[in-house]
Amino acid sequence: MQHQPPVTSYNLHSHIKIIMSSKSPPPQSCDTFVVLGDRTKGGHIVFGKNSDRPQDEVQEVVYQPNANHAQGSKVKCTYIEIEQVETTHAVILSKPSWMWGAEMGANDRGVCIGNEAVWTKLQGDDDATERLLGMDLLRLGLERGSTAESALDIITSLLEQHGQGGPCSDTQPGLLYHNSFLIADTKEAWVLETAGRHWVAENIKSGHRNISNTLTITTNMDRSSEGVKEAAKEAGWWDGTSEFNFADAFNADDNSDGGRQQCGQQLLAKLSQGGNFGLVSMLSVLRDEESGICEFSLTEMFEVLRDTESGICRTTDHQHPTAASM
């Protein structure tokens, strides 16, 4: 009798296929990470992102030079016009061709930003109203922000003023989501997570951090929008006495448990051990196709397989393949 290898966390995917059912759209977006200088070769900050988008959508890489703008002028974003600023930075953007905003990019001041789709308890029919897309907020942060923190301030102020909303695809009008962001410069990084016009932010100065399609900021909030705790308490998502946990309060009830995010976290921890994370390490993360089946217990593995059927790098036969990588 031929010996059969044991079913492990690495070969379980070939033995089991679980079909996920969910009332809200399953995670169909991206993975973004940063490794700070204490974990990298040469002390440089390494930023990476894969952008997963609907099949057949064109994603282009564009360069926009710095520019001066007339006082009182407007900028037409994907759906709405907003006030323009006097000077904008030069930016390199990776963006779906149909929208004004971008999935990821960098500016001439060394600021990099990537965004993620997240599903929250504040989502509803109103999200179809055309406002700023998360991708618009990302581009505005890059065009106007000289540091990671200033880009954070710009994005959050525009979010509070204009809100986020509108279809996030030109072929799938029902693709509506809120956004999280990873913002980095040459000194530090910020994770920004939103639910409607509410937001929280976490400052990252060492180690590594990654985000995917779930809220990840729990109690470690360095900045937040006014009234975010009160909104959670009023809705019955927080008791008002225990320590406030943003992710627990605002993650959609049937949202992903963050399988790819956990796998990416494990990869970063492993590859950054000893402070040797570099270019090859970055490519290893972005090329990882098995990140839906990493080192979890059997019970955790079932949860991962229910939530994601592919990894950080998605091939062209996926409904939302990896369209671009930065």
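Residues numbered from 1 in each chain as written. Predicted model: local features only at pLDDT ≥ 70, side-chain atom pairs only at ≥ 80, totals over all residues. Heavy atoms only, no water.

**Overview of the sheet that holds strand E1 (residues 31-35)**
Here we have four strands laid out as an open sheet, ordered E14-E1-E2-E16, and antiparallel in their pairing. At either end of the open sheet lies a strand with only one pairing partner, and these are strand E14 (208-211) and strand E16 (322-325). Here the average twist between neighbouring strands, direction ignored, is 10 degrees. The pairing of E1 with E14 spans four bridges and is antiparallel. What sits directly across from Val35, in E14, is His208. The sheet strands contacting helix H5 (residues 259-271) are E1, strand E2 (46-52) and E14, and the helix crosses E14 at an angle near 160 degrees. The sheet contacts of helix H6 (residues 279-286) involve E1, E2 and E16, and relative to E2 the element is tilted by about 20 degrees. (Pairing = 2+ DSSP bridges. Helix = DSSP H or I, 4+ residues; strand = E, 2+ residues; numbered from the N terminus. Axes fitted to C-alpha atoms, helices over the stretch in contact; angles between N-to-C directions. Contact = heavy atoms within 4.5 Å.)

**Some details on the packing of aromatic side chains**
A ring pair, where both rings are aromatic, is described by two values, the distance of the centres and the angle of the planes. In this structure the tally under the stated criterion is five aromatic pairs. Between Phe33 and Phe277, the aromatic rings sit 6.1 Å apart at their centres with planes inclined by 75 degrees, giving edge-to-face as the arrangement. Of the two residues, Phe33 sits in strand E1 while Phe277 sits in the loop between H5 and H6, which places them 244 residues apart along the sequence. Summarising the aromatic geometry, the rings of Trp237 and Phe250 are spaced 5.5 Å apart at their centres and angled 75 degrees between planes, so their arrangement reads as edge-to-face. Of this pair, Trp237 sits in the loop between helix H3 (228-235) and helix H4 (246-250) while Phe250 sits in helix H4, and the two are 13 residues apart along the sequence. Here the aromatic residues Trp237, Phe246 and Phe250 are joined through ring pairs into a cluster of three or more. Sitting above the plane of the Trp100 ring, Arg139 keeps its charged end 4.2 Å from the centroid. (Phe/Tyr/Trp six-rings, centres within 6.5 Å; stacked < 30°, edge-to-face > 60°. Lys NZ or Arg CZ within 6 Å of the ring centre and 35° of its normal.)

**Overview of the nonpolar core**
Counting 38 residues, the largest nonpolar core has Ile82, Ile113, Leu132, Phe181 and Ile183 as its most contacted members. When residues of this core are assigned to their parent elements, the largest contribution, seven residues, is made by helix H2 (residues 148-162). Of all hydrophobic cores here, the second largest spans 23 residues; its members include Leu182, Ala195, Val200 and Trp238. (Core = buried A, V, L, I, M, F, W, Y, C linked by side-chain atoms within 4.5 Å. Buried < 20%, exposed > 50% of the residue type's maximum accessible area, 1.4 Å probe, protein only.)

**Considerations on the pairing of E1**
Successive side chains on a regular strand alternate, one facing one side of the sheet and the next facing the other. Across the five residues that make up E1, a large majority, five, are buried. Because side chains alternate across E1, one face comprises the buried residues Asp31, Phe33 and Val35, and the other comprises Thr32 and Val34, equally buried. The pairing of E1 with E2 spans five bridges and is antiparallel. The residue bridging Phe33 from the neighbouring strand is Gly48, located in E2.

**Quick word on the pattern of salt bridges**
Throughout the structure, instances matching the rule amount to 13 salt bridges. Taking the shortest distance from any N to any O, the salt bridge between Lys49 and Glu103 comes out at 3.5 Å. One end of the pair, Lys49, is in strand E2; the other, Glu103, is in the loop between strand E8 (91-96) and strand E9 (104-107), and 54 residues separate them in sequence. As far as the burial class goes, Lys49 and Glu103 line up, both buried. Between Glu103 and Arg53 there is a salt bridge, with its nearest N and O atoms 3.8 Å apart. Of this pair, Glu103 sits in the loop between E8 and E9 while Arg53 sits in the loop between E2 and strand E3 (59-64), placing them 50 residues apart in sequence. One network of salt bridges, in which partners are shared, links Lys49, Arg53, Glu57 and Glu103. (Salt bridge = Lys/Arg side-chain N within 4 Å of Asp/Glu carboxyl O.)

**With respect to the packing of helix H1 (residues 134-144) against H2**
The contact between H1 and H2 brings their axes to 8 Å, and the two run at 135 degrees. Judged on the interaxial angle alone, H2 and H1 are oblique. Of the two elements, H1 crosses H2, and the hand of that crossing is right-handed. Seen from H1, the contacting residues are Leu137, Leu140, Gly141 and Arg144; seen from H2, they are Ala151, Ile154, Ile155, Leu158 and Leu159. Here the contact of H1 with H2 is composed, by residue class, of seven nonpolar, one polar and one charged. (Parallel < 35°, antiparallel > 145°, perpendicular 65-115°, else oblique. Left-handed = near helix turned anticlockwise from the far one by under 90°. Nonpolar A, V, L, I, M, F, W, Y, C, P; charged D, E, K, R; others polar.)

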